[in-house]
Number of protein chains: 2
Amino acid sequence: MLENETAAIPKDCAECPIRHRAVCARCEADELEQLDDIKYYRSFEAGQTVIWAGDKMDFVGSVVSGIATLTQTMEDGRTQMVGLLLPSDFVGRPGRETAAYDVVATSDLVMCCFRKKPFEELMAVTPHIGQRLLEMTLDELDAAREWMLVLGRKTAREKIASLLSIIARRDATLKLAGAGGPMVFDLPLTREAMADYLGLTLETVSRQISALKRDGVIALEGKRHVTIPDFDRLLDEAGDDSDGGMLA
Amino acid sequence: MLENETAAIPKDCAECPIRHRAVCARCEADELEQLDDIKYYRSFEAGQTVIWAGDKMDFVGSVVSGIATLTQTMEDGRTQMVGLLLPSDFVGRPGRETAAYDVVATSDLVMCCFRKKPFEELMAVTPHIGQRLLEMTLDELDAAREWMLVLGRKTAREKIASLLSIIARRDATLKLAGAGGPMVFDLPLTREAMADYLGLTLETVSRQISALKRDGVIALEGKRHVTIPDFDRLLDEAGDDSDGGMLA
DNA sequence: CGGAAGCCTTGACCCAGATCAAAACGCTCG
DNA sequence: CGAGCGTTTTGATCTGGGTCAAGGCTTCCG
């Protein structure tokens, strides 16, 4: 997990790994320069909290590398993950003073942050930013709604299968692997984090993963390394329409 | 339920009840005129389906009056409501061809629709529309995430209390009633629709409502008319921080 | 007025997943 | 190497909410 000293911080937007998928995706060279003036990088170690819900938040930003979670906690300690932040995902809300959720780095994390005030001003005069942010927010809303179905109506086994298929699908698009062959990836979450995402207990998560393994739906090597021999089978277990619904 | 022949269709944007809260909220007079050119009203009766998930959708629009639901259904019939559309809420997504969810009128419904293509073009040149839509979408995302906590971690009783408090709060803001006194409103949903929203069965919904009534948290007159003698008590039952969290 | 169709409530029973408890599996570190 | 700690697995038991089954209450309509 410590490939680099502090993980790669891009020297320049041009070589930034999320250049084409983040809020800045549609920006022209001059707009990038303006963003550059108000931006700074921050690194977090795995386990560190980026912000606590309710804290004053004077920046917004993008995940450059690593994974973070967005969680909500009740007074008695019950917690629910409400978002999984992957590279290019946006954190924070223009026009809001305080953080609405806890943001925690699940792996080592690099963020590209913008001071909030200037970012808001820039957004007002740079349609490209607002347009892209709208698009990303609509995508997140869709993801949240899909997750509502998972939380409200799926069984524990289906929930696990749903989570695995989402992670597998994302990983496949990053690796641009040709379809067909078995998919292989590492789980970026602990059993407890999965439980928080799925509205289950960690014991149930563990049991269902064991069951899927026993039934040959997945193969495990160690606790985290997953192989999926037949993706359609997994989708079936997830209760999803197995049309493979490939949204472009 | 049939107060008006077809419910009130505004003659003019100026007298439109959602003028200041819908996508058009920030538009100037000339922008409104342009929207006017591509808009038309549609009315639906309670129970009618506005669109089916997957259908081609050549419009977007706002709820003017009445209530609609956004639901997702699995092949085996399990359904989950993923959104409750109230007056001023926006339906549809610029840039998407087909509907992602079933939209059903729960009460008699009037919508102000815009042909999608021209709306998208107008959006590209009218920042006010995109800005407002972004703001609304961010609000919906927050609501969806709050709902994820309800679905994933709350007990049946807490779920019912959460739903009642949301409806009560909304009703209070519409009526601008001074705080303090008992809150009174009509449930806009059947037990089954509540169950679909809460990820429960209608039997459980019924039982928990009876229990809340028995315990004096709510009072019922008929099946739908609800009185809440002590709103803080209800919030407490919902498991929410009872700081009254009034977000401006 | 009687019947039928929608909603809603209530009861009896059952099971998926929670809870409680213990042990196994890596690790890092002295 | 062994101690200690965080993570994961597995077992035993309990329970909240699902399922199945009967009515009850309204409203509509012939």
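Residues numbered from 1 in each chain as written. Chains lettered and ligands numbered in written order. Predicted model: local features only at pLDDT ≥ 70, side-chain atom pairs only at ≥ 80, totals over all residues. Heavy atoms only, no water.

1. Digging into the relation of the copies chain A and chain B
Here is the rule: For the least-squares superposition of copies, only C-alpha atoms count, and only for residues with pLDDT at least 70 in both. The contact definition used throughout considers only heavy atoms, calling two residues in contact when any of these lie within 4.5 Å.
Rotating chain A by 180 degrees about the axis while translating it 0.0 Å along that axis superimposes it on chain B, leaving an RMSD of 0.1 Å. Both chain copies can therefore be described as sitting about a two-fold axis. Of the residues that chain A buries at the interface, 100% are likewise interface residues in chain B, meaning the two copies contact each other through the same surface.

2. As for the nonpolar core
Inclusion rule: The set of buried Ala, Val, Leu, Ile, Met, Phe, Trp, Tyr and Cys residues whose side-chain atoms join them within 4.5 Å is what this entry labels a nonpolar core. Whether a residue is buried, partly exposed or exposed follows from its accessible area with a 1.4 Å probe, protein chains only, as a fraction of its type maximum: under 20%, in between, or over 50%, in that order.
I218(A), I228(A), I218(B) and I228(B) are the most contacted members of the largest nonpolar core, which totals 112 residues. Among the nonpolar cores identified, the runner-up in size contains 48 residues, and C16(A), C27(A), F119(A) and L122(A) belong to it.

3. A closer look at the protein's contact with DNA strand C
Formally: In these notes, residues near a molecule or strand are those with any non-hydrogen atom within 4 Å of it. Polar contact criterion, stated in full: a pair of N or O atoms within 3.5 Å, where within protein one must be able to donate a hydrogen and the other to accept it, and residues adjacent in sequence count only if both atoms are side-chain atoms. Segments assigned H or I by DSSP are reported as helices when at least four residues long, segments assigned E as strands when at least two residues long, and all are numbered from the N terminus. Classes in brief: Ala, Val, Leu, Ile, Met, Phe, Trp, Tyr, Cys and Pro nonpolar; Asp, Glu, Lys and Arg charged; the others, Gly included, polar.
Close to DNA strand C lie 16 residues; A156(A), T204(A), R191(B), S206(B) and S210(B) are nearest. The sugar-phosphate share of atoms of DNA strand C within 4 Å of the protein amounts to 66%. Within the side chain of R207(A), an N or O atom sits 2.8 Å from a base oxygen of DNA strand C. In this structure, R191(B) approaches DNA strand C through a side-chain N or O atom, which is 2.6 Å from a phosphate oxygen. For the surface near DNA strand C, the element with the most residues is helix α6 (residues 202-214) of chain B, which contributes four residues. A per-class count over the surface near DNA strand C returns two nonpolar, seven polar and seven charged.

4. Quick notes on the pattern of salt bridges
For the record, the criterion: When a carboxyl oxygen of Asp or Glu is within 4 Å of a side-chain nitrogen of Lys or Arg, the pair counts as a salt bridge.
According to the stated counting rule, one finds 34 salt bridges over all chains in the structure shown. For R157(A), the salt bridge is made with E237(A), and the minimal N-O distance between the two is 2.8 Å. Placement of R157(A) in helix α4 (residues 156-175) and of E237(A) in helix α7 (residues 231-238) is noted, with a sequence separation of 80 residues between them. For R157(A), a relative accessible area of 22% corresponds to the partly exposed category. Note that R78(B) is salt-bridged to D76(B), the shortest N-O span being 2.9 Å.

5. Regarding the protein's contact with DNA strand D
Near DNA strand D there are 17 residues, and of these R191(A), S206(A), A156(B), T204(B) and R207(B) occur at the shortest range. Across the atoms of DNA strand D situated within 4 Å of the protein, the share located in sugar and phosphate is 63%. T204(B) places a polar side-chain atom, nitrogen or oxygen, 2.4 Å from a phosphate oxygen of DNA strand D. Between DNA strand D and R207(B), the relevant distance is 2.7 Å, taken from a base oxygen to a side-chain nitrogen or oxygen of the residue. Those elements that provide at least two residues to the surface near DNA strand D are α6 (202-214) of chain A together with α6 of chain B. The greatest single-element share of the surface near DNA strand D, amounting to five residues, is contributed by α6(A). Among the residues forming the surface near DNA strand D, the class breakdown is three nonpolar, seven polar and seven charged.

6. Structural notes on the interface of chain A and chain B
Condition: By buried area we mean the combined loss of accessible area, with a 1.4 Å probe, across both parts when two parts are placed together.
Across the contact, 44 residues belong to chain A and 45 residues belong to chain B. In this assembly, chain A packs against chain B so that about 3900 Å² is buried in total across both faces, 55% of it on carbon and sulfur atoms. Interface area lost by chain A to chain B is led by R145(A), M148(A) and R153(A), which between them contribute 21%. Viewed at the interface, chain B and chain A are joined by twelve salt bridges.

7. Considering the sheet that holds strand β2 (residues 49-51) of chain B
Short version of the rule: Note on pairing: two strands pair once DSSP finds at least 2 bridges between them. Interaxial angles span 0 to 180 degrees and are taken between N-to-C directions of axes, which are lines fitted to C-alpha atoms, for helices over the stretch in contact.
Reading across the sheet, the four strands line up as β2-β7-β4-β5 (chain B) and stay open at both edges, with antiparallel pairing between neighbours. Each edge of the open sheet carries a strand with a single partner, namely β2 and β5 (79-85) of chain B. Neighbour to neighbour, the strand axes of the sheet diverge by 30 degrees on average, direction disregarded. Of the strand pairs in this sheet, strand β4 (residues 68-73) of chain B and β5(B) are connected by six bridges, and their pairing is antiparallel. The residue of β5(B) that forms the bridge with A68(B) is L85(B). Along the sheet face, helix α3 (residues 127-153) of chain A touches β4 and β5 of chain B and points at about 135 degrees away from the line of β5(B).

8. Here's the deal with the sheet that holds strand β4 (residues 68-73) of chain A
Residue and element names in this part refer to chain A. The four strands are arranged β2-β7-β4-β5 in an open sheet whose pairing can be described as antiparallel. Only two strands of the sheet have a single partner each, and these edge strands are β2 (49-51) and β5 (79-85). Taking each pair of neighbouring strands and ignoring which way they run, the sheet shows an average axis angle of 30 degrees.

9. What about the confidence of the model for chain A?
Residues and elements named next belong to chain A. We apply this condition: Confidence per residue, as judged by the predictor, is encoded in pLDDT with a range of 0 to 100.
Across chain A, the average pLDDT comes to 92, with 92% of residues at 70 or higher. In this model residues 1-5 is a low-confidence stretch, pLDDT under 50, and it forms one contact with partners more than four residues away in sequence or in other chains. Below a pLDDT of 50 lies the segment residues 244-248, which in the model reaches three contacts outside its immediate sequence neighbourhood of four places, other chains included.

10. Considerations on the domain arrangement of chain A
Residues and elements named next belong to chain A. As a reminder of what qualifies: Where a domain begins and ends is set by an automatic assignment or by a domain database.
Entries for chain A in the domain assignment read domain 1 (13-150) and domain 2 (155-238). Spacing between the C-alpha centres of domain 1 and domain 2 amounts to 26 Å. Between domain 1 and domain 2, the residue contacts involve eleven residues of the former and 13 residues of the latter. Both faces combined, the contact of domain 1 with domain 2 buries some 1100 Å², and carbon together with sulfur accounts for 71% of it. Connecting domain 1 to domain 2 are zero salt bridges. Taken together, the links from domain 1 to domain 2 amount to five residue pairs in polar contact (both at pLDDT 80 or more). For the side of domain 1 that touches domain 2, the element with the highest residue contribution is β5, accounting for four residues.

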